[in-house]
Amino acid sequence: MKDILSLIDWSNEMVLELIKHSSAIKKNPENYSDVLHNKTLLMIFEKPSLRTRVSFEVGIIQLGGYAVVMETRDTPFREKESISDTAKASSRYCDIIMARLYKQEDIEELAENATIPVINGLTDTFHPCQILSDLFTIQEKKKKLKGLKLSFIGDGNNNITHDLLLGCSAVGIDISVGCPKESVPQKWIVDIAVEKAKKNISNVEISNDAKKAAANADIVYADTWMSYHVPKSEKEARIKLFQPYQVNEELMSLAKKDAIFMNCLPAMRGYEQTAEVIDGKQSIVFDQAENRLHVQKAIMLKLLNKI
Ligand code: CP
Ligand code: NVA
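Residues numbered from 1 in each chain as written. Chains lettered and ligands numbered in written order. Predicted model: local features only at pLDDT ≥ 70, side-chain atom pairs only at ≥ 80, totals over all residues. Heavy atoms only, no water.

*Asks:* I'm lost on the packing of aromatic side chains in this one. Help?
*Replies:* Aromatic rings in a pair are described by how distant their centres are and how their planes are angled relative to each other. Summed over all chains, the structure comprises four aromatic pairs. Between Trp-225 and Phe-242, the aromatic rings sit 5.9 Å apart at their centres with planes inclined by 25°, giving stacked as the arrangement. Of this pair, Trp-225 sits in the loop between strand E8 (219-222) and helix H9 (235-242) while Phe-242 sits in helix H9, and the two are 17 residues apart along the sequence. A residue is classified by how much of its surface remains accessible, and Phe-242, at 0% relative accessible area, is buried. Here the aromatic rings of Trp-225 and Tyr-271 are separated by 6.2 Å at their centres, their planes lie at 80°, and the arrangement is edge-to-face. A residue pair is termed long-range when its members are at least 10 positions apart, and Trp-225 in the loop between E8 and H9 and Tyr-271 in the loop between strand E9 (260-263) and helix H11 (275-278) qualify at 46 residues. Residue Trp-225 is classed as buried on the basis of its relative accessible area of 2%. Judged by its relative accessible area of 25%, Tyr-271 falls in the partly exposed class. Among the aromatic residues, ring-to-ring pairing joins Trp-225, Phe-242 and Tyr-271 into one connected group. (Phe/Tyr/Trp six-rings, centres within 6.5 Å; stacked < 30°, edge-to-face > 60°. Helix = DSSP H or I, 4+ residues; strand = E, 2+ residues; numbered from the N terminus. Buried < 20%, exposed > 50% of the residue type's maximum accessible area, 1.4 Å probe, protein only.)

Printed below as a string of structure tokens:
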């Protein structure tokens, strides 16, 4: 594998292997402190970030390497230089690239033209590193993956929803998405997830019924209604659209008693979930955020053939 651009091609075995390495890295980080000695990670950002940026930067430093951060507005990227030239030139300086761009086509073009591994740090369509890390977190909390039910409530046509569909179906987690009909996951991605789920004898369900989606869930997952790429002018209309899909205590009570609540963050209290839910006992959002660090390390080590 040269790049990680989505979870389309990820199988059960690949996910479990990455989880195994992430767990070893988390347990004994000192064993990995020099594995990427003098390696350089280039991080390209078209959108804001806290977790992805900090976990990758701290991650490469703790592995013995360095990070260079490039905000595209400070560079010729796209305006004065093609994505392919950026990829070719950067490949001469660095060992690995992580990019957070708007369009999936753009990260694919970057990866096709780079001679070094490229990691998708979120596009409008996919967020694979987040979901790999989330599967690790679920395994830690529930001690298994296969046979669980994950309920995603909110924006269906969303990077997190898309890679959750692909990631859950790869490992045999039943996924039930409850979203408005105006914002369903993209059909071609659902079709791939359904095929994967068949192999793993699990279910993929998309409905407009938040209660049905949440029923008997082991994991309830919410994400912002205002993703980075959504124009601010749409805020009012989207609050109206998604309000029936807010994760509140009533909705959580439909899930299993020991269900956990996840949100990839950043989160807005009073919108995609109430403060009671995200700050409540079932919420594991900061353990979830912490695991980004351990899994980013495993991802970089894997792509640089060190594990
Ligand atoms: N979850 C996540 O990717 O967060 P950031 O946008 O802060 O990187
Ligand atoms: N769907 C969100 C995820 C943030 C990590 C967004 O794209 O902003």
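*Asks:* Explain the site of ligand 1 to me, please; I cannot follow it from the model alone.
*Replies:* Neighbouring ligand 1 are the residues Ser-49, Leu-50, Arg-51, Thr-52, Arg-100, His-127, Gln-130, Tyr-228, Cys-264, Leu-265, Pro-266 and Arg-292. Within the backbone of Cys-264, a nitrogen or oxygen atom sits 2.9 Å from a nitrogen atom of ligand 1. One of the side-chain N or O atoms of Arg-292 is found 3.1 Å from an oxygen atom in ligand 1. In isolation ligand 1 offers 250 Å² of accessible surface; the protein chains occlude 98% of this area. More than half of the atoms belonging to ligand 1 lie within 2 Å of the grid points that define the largest pocket. Looking at side-chain class alone, the shell around ligand 1 contains five nonpolar, four polar and three charged residues. (Near = heavy atom within 4 Å. Polar contact = N/O pair within 3.5 Å; in protein donor to acceptor, adjacent residues only side chain to side chain. Areas by Shrake-Rupley, 256 points an atom, 1.4 Å probe, with all protein chains shown as cover. 1 Å grid on protein atoms, 1.4 Å probe; cavity = no way out; pocket = protein on both sides within 12 Å on 5 of 7 lines; lining within 4 Å. Sits in = over half its atoms within 2 Å of the grid points. Nonpolar A, V, L, I, M, F, W, Y, C, P; charged D, E, K, R; others polar.)

*Asks:* Explain helix H12 (residues 285-303) here, please?
*Replies:* An α-helix turns once every 3.6 residues. As a result, residues three or four positions apart point the same way. Counted at 1.5 Å a residue, the expected span for H12 with its 19 residues is 27 Å, and the 27 Å between its end C-alpha atoms agrees. At Leu-293, H12 is deflected by roughly 25°, the largest bend along its length. In terms of burial, H12 is largely enclosed, as 14 of its 19 residues are buried. Positive backbone phi, at 55°, marks Asn-305, one or two positions downstream of H12. (Expected span 1.5 Å × (residues − 1). Bend = angle between axes of the 7 residues up to and from the residue.)

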